[in-house]
Amino acid sequence: MSFQFHALDHQQFVPFYGLSDQELAKHGIFTDIVERPAGFPCRVSLTLPEPGERVLLLNYAHLDVDSPYRSSHAIYIREGQRTGQFNVGQIPEMFNLKRVAVRGLSKHHHIKAGEMVQGEQELRLCIERLLNNPDIAYLHLHSPTHGCFLATVSRAAAANELSGG
C-alpha cells in the first residue's frame, strides 16, 4: 500500500512569523524555547527543532469538519519553515523514535480504528494495515501523551485530494 505524509501548509502561519510575543498573544499564540527537540515537533516541516530555537504554540483545528469527531488541539510551528514535502512511502525522520497514536478515519470523518506504535517500522506496518481497510479514508497521527495532532497520512492515490492536513 502506497501512502503519503502531509504536513500543514505554511502559508496559513506566515502572518505570524517574526511577530513579537505581545503581538502573537493578541492572536492566542504563545512562544516556547525548545529544551528537548522531541517535545516540540513542527507540524509544518515535520522536523524536530534544535535546542534554544523559538517555536510558536497555538491551537489548530486539525479536524475542522462537520463530524462528532471535530477537533482542535495545541501544535508547535518552527518560525520561517515551509511545508515539508515527502516522497510516497517516506516517513519523516521525526517519527523514527517517537511513540505515535494512529487514528483511522472514514470518508465521513468518523474514527474507525486506533493503534499505538513506536518507531518507523511499526508505524509503516500500521499505516499500510489501516489504509488497506476500505472503511478508512485517511489517518491522523497524534502524540499519545498530550493528544496533539502531528500529521495526516493518505493513500498515495488520494494524496491530491488533501490540502495540507
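Notes on the structure in this doc start here. (Residues numbered from 1 in each chain as written. Predicted model: local features only at pLDDT ≥ 70, side-chain atom pairs only at ≥ 80, totals over all residues. Heavy atoms only, no water.)

Okay, the environment of Arg103 next. Here Arg103 lies in strand β5 (residues 99–105). Along the backbone, Arg103 and Met116 are 13 residues apart, and their C-alpha atoms lie at a distance of 9.0 Å. Within polar-contact distance, the side chain of Arg103 engages the side chain of His142 at 3.3 Å. (Helix = DSSP H or I, 4+ residues; strand = E, 2+ residues; numbered from the N terminus. Polar contact = N/O pair within 3.5 Å; in protein donor to acceptor, adjacent residues only side chain to side chain.)

We now examine helix α2 (residues 119–131). The terminal C-alpha atoms of α2 lie 18 Å apart, and with 13 residues this matches the ideal 18 Å at 1.5 Å per residue to within 8%. Those residues of α2 lying buried are Gly119, Leu123, Cys126, Ile127, Leu130 and Leu131. What you see down the axis of α2 is that its buried residues fit within an arc of 115 degrees, all on one side. Packing partners of the buried residues in α2 comprise β1 (3–6), β5, β6 (111–118), β7 (138–142) and β8 (149–155). (Expected span 1.5 Å × (residues − 1). Buried < 20%, exposed > 50% of the residue type's maximum accessible area, 1.4 Å probe, protein only. Arc of directions from axis to C-beta. Contact = heavy atoms within 4.5 Å.)

Let us now look at the nonpolar core. Membership of the largest hydrophobic core comes to 22 residues, with the highest contact counts inside it found for Phe5, Phe95, Val102, Leu123, Leu139 and Leu141. Among the elements of the structure, β1, β5, α2, β7 and β8 are those that each provide at least two residues to this core. Looking at this core, the element that brings in the most residues is α2, giving five residues. Those residues in contact with Phe95 that sit more than four places away from it in its chain are Phe5, Val100, Gly119, Glu120, Leu123, Leu141, Leu150 and Ala151. Of all hydrophobic cores here, the second largest spans 14 residues; its members include Leu24, Val44, Ile75 and Phe149. (Core = buried A, V, L, I, M, F, W, Y, C linked by side-chain atoms within 4.5 Å.)

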